[in-house]
Each structure stands twice: as C-alpha cells, then as structure tokens.
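# Fold and geometry: a report
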Amino acid sequence: MTGAATAAPPAPSPAPPSLRELSLVFLSIGVQSFGGGLSAWVRREVVQRRGWLEEQAFLSGLALCQITPGPNAVNLAVFVGATLRGRAGAFAALAGMLIVPIGIVLALGAAFATLRDTSWLGSMMTGIGAAAIGLNFATALRMTRKGVRTPGAALIVLAAAISVGLADVSLPLALLVLVPASLAFAVWRR
Amino acid sequence: MTASLVKLALLFAGLSLLAIGGANSVVPEMQRVSVNVEHWMTGREFLDFFAISRMAPGPGSLIVTLIGEKVAGPLGAAVATVAMFGPSCLLVYLAARLWHRARDATWRQTAERGLAPVAVGLVFASALALTRGTETSWLAYGVTGAATLALAASELHPLIVLAAGGVAGILLHL
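So, a few notes on the structure that sits alongside this text.

## Comments concerning the interface of chain A and chain B
Counting residues at the interface gives 93 residues for chain A and 82 residues for chain B. Roughly 7800 Å² of surface becomes buried between chain A and chain B when both sides are summed, with 75% attributable to carbon and sulfur atoms. Scanning the region where chain A abuts chain B turns up two salt bridges. Linking Asp168(A) and Arg132(B) is a salt bridge whose minimum nitrogen-to-oxygen distance equals 3.2 Å. Inspection of the region where chain A meets chain B yields 15 residue pairs in polar contact (both at pLDDT 80 or more). Listed by contribution, the elements that provide at least two residues to the side of chain A that touches chain B are α1 (19-32), α2 (38-49), α3 (55-67), α4 (72-115), α5 (119-147), α6 (151-165) and α7 (171-188) of chain A. The greatest single-element share of the side of chain A that touches chain B, amounting to 23 residues, is contributed by α5(A). Here the side of chain A that touches chain B is composed, by residue class, of 59 nonpolar, 26 polar and eight charged.

So, in structure tokens, the structure goes:
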C-alpha cells in the first residue's frame, strides 16, 4: 500500500449486482479490451471501480482460473458471474463478454485479406498491442501493491514471474511447485 | 459437413481441457491439426487468424471461431466456440461453486492468501512472455514501458493509453 496515486477502492457493495448490470459490465469489457489484457479490465471494472469483489477474493479467483484449464479471461468471467449471481450470473457475464468480440472477429476475418497489406494498420495494431502489454504490467504492479503483504508472498510473485515469464518453465510444472510452496507460506503465517 | 462439425467439436473440446494457463498454450496444437493434419487452411491463413484474434477486443481464444467459420460456415463457428469454452467453463463454474460454499471456512482464507501471489506472479509472467514473443524493437519496449508507467501511476482510462499506443505505432512505424 503506497501513497496518494491509488484512490481508495469503494467498500464492497452489500447487494450483488443485477444480472443486467453484470452482463453490461462484461459487455463493456468485451468491447474495450483491444490487444488483450482482459484480466486487467475485469479487475478494473469489478474490483477497482465497483467494489463487487475484494482484492484478495478476486486474486484467489484469478489463480483458480489460471490453474483450471481453458482461456483465463473466459474462466474469469464465469468465476466472477458465478460468485456474484450463481449460474445465471455466470451465463450473463460470459455472454456479455463474448458477444461483441465474436462479431468483430468474424467481421475482421472477412475483411482481413484486403486489410493485410495496409501497412499503417499493422503499425497501429502493434502499437496498441504494446500498450496493452503495459496495461498487464501496470495491473500486476497494482495487484502487488494491494494483495502482496509478506516477504514470502513477494518471493512467490518473483519466482512465478521469472520462471514462467523469462525462463520458459512450463506452466503445469511451475504451478506444481509454486502453489504448494505458496500455500505452505500462508499456513505458516496464519 | 456433419463430419467436419464432429471433428471441430472433438478437437476443441479436447483442447479446452488441455489449455492449462490459457488458450495460448494450445495454439501450436491447433495449428498442427488445422494446417498439417486436416488441411483446413494454409499456414499463412492460420497466422492471419491468430493476428486477427489478437488485435480484436475480447479473448484471443476466439481464434477458434474463425477456424470453425472457415471449416463449416456459421454453424462451424458456433460449434467450435461452444466446444472450446463449454468444458472449461463448466469446470470453473463447479470450482467457483465449491469456493463460494466454503466462503466462511478458515481453509479458504488461508488458500486465498496462498493463491493470490501466484496469480499476481503469473500476470507479470504473461506480460513478460508477451513482450518477448511480440516485441523486437526498443521502440516497442518504450511504448510498453510508457504505457506501464502511465497506467500504474495515474488513473488514466486504459482506452486513452491504448489509443496513444496506436498513434505511436503509426508514427514510429512499429
């Protein structure tokens, strides 16, 4: 937790959002998330702006979504929806997040043959992609500030980042070591 | 037609459950089957699909929608999408229910504290891996660094930063 740059998040709202709100929020995430980085968008909307989930509940859910197979961001929509509003919530979040991007992907697929040779478009997309990676880094930094409180936890963050991100250790192998190690730290510090 | 729909469904339902760590981990297998085994498309087309699904908003895993559309039209797109997301979503839904039911249990609070740093570390890792996989110039690193700073230190809306990244990309010929 550091200084003034981070506005205090709103207190977790007592009433869960309506299905309509839930699907609209995930719709807006689906529309805005150019270049990827969906987990960052989900955290921004669900934790930071609306306080529907607390940081640690969100992060542990994100870890569950990373551990279970399947696209992380899609898993995360299901997890958040199910946590807030059960089965209907899971469907609302999932459908909200996918419906517009599916349309866009299909439209781009039809137009891509002609777009491919437009060089400034490629440059623009590379630039957006580079900024989207920055969104991932910034979100990870914010998560560290809010959700990592002990030296042991910081060590786990570092180990995961380096082994998977830089040393190309396969994810299942890294999880097999890091998850038990991190849980052991948590039990030990209880 | 029906045969290709069944093939799509089996391929992506299987990959859905193998995609530990996200859809990126099974893209090479998608490529192998679509291009080399089934000859649904050329390697170039596959790379185009990959690029489209990365640049469009939403999850990159929507590459399966494009593959399905190419193989069997709109029905193929629907079958591939449902097959890719259905099994893993069901699994994570069951996990979420279990997690929710244990919300007052002490083991869950301990597990939350233990899982959080793994999640954070993996977000760093995916950003690092993306940087290494997609960026080759110092200019691109610079755009990523500037975006990181802007988004970590201010409350700027991410869309503004993404737009600035797009403009920088055009001006710098990224």
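## Re a nonpolar patch on the surface
Residues and elements named next belong to chain B. A cluster of nonpolar side chains, namely Leu-139, Val-167, Leu-171 and Leu-172, defines an oily patch on the protein surface of about 370 Å² accessible area. At three residues, helix α7 (residues 158-172) tops the list of elements feeding residues into the nonpolar patch. You can see Leu-172 is positioned in helix α7.

## Some words on the side chain of Ser16(B)
Structurally, Ser16(B) can be placed in helix α1 (residues 2-18). Among the polar contacts listed, one links the side chain of Ser16(B) to the backbone oxygen of Met84(B), at a separation of 2.7 Å. Leave out the neighbours within four places in its chain, and Ser16(B) touches Pro69(A), Gly70(A), Ala83(B), Met84(B), Pro87(B) and Ser88(B).

## Concerning the packing of aromatic side chains
In this structure the tally under the stated criterion is two aromatic pairs over all chains. Here Trp99(B) and Trp107(B) contribute two aromatic rings whose centre-to-centre distance is 6.0 Å and whose plane-to-plane angle is 70°, an arrangement assigned as edge-to-face. Here Trp99(B) falls in the buried class, since its relative accessible area comes to 7%. Aromatic side chains Trp138(B) and Tyr141(B) sit 5.2 Å apart centroid to centroid with 80° between the ring planes, which places their arrangement in the edge-to-face category. Linking Trp138(B) with Tyr141(B), this pair stays in helix α6 (residues 138-153), spanning three residues, or about one helical turn. Sitting above the plane of the Trp52(A) ring, Arg50(A) keeps its charged end 5.7 Å from the centroid.

Conventions adopted
Residues numbered from 1 in each chain as written. Chains lettered and ligands numbered in written order. Predicted model: local features only at pLDDT ≥ 70, side-chain atom pairs only at ≥ 80, totals over all residues. Heavy atoms only, no water. Contact = heavy atoms within 4.5 Å. Buried area = accessible area lost by both parts, 1.4 Å probe. Salt bridge = Lys/Arg side-chain N within 4 Å of Asp/Glu carboxyl O. Polar contact = N/O pair within 3.5 Å; in protein donor to acceptor, adjacent residues only side chain to side chain. Helix = DSSP H or I, 4+ residues; strand = E, 2+ residues; numbered from the N terminus. Nonpolar A, V, L, I, M, F, W, Y, C, P; charged D, E, K, R; others polar. Patch = residues over 30% accessible without salt bridge, like charges linked within 9 Å, V, L, I, M, F, W, Y side chains within 5 Å. Areas by Shrake-Rupley, 256 points an atom, 1.4 Å probe, with all protein chains shown as cover. Phe/Tyr/Trp six-rings, centres within 6.5 Å; stacked < 30°, edge-to-face > 60°. Buried < 20%, exposed > 50% of the residue type's maximum accessible area, 1.4 Å probe, protein only. Lys NZ or Arg CZ within 6 Å of the ring centre and 35° of its normal.

Shape is all these values report; function is a separate question.
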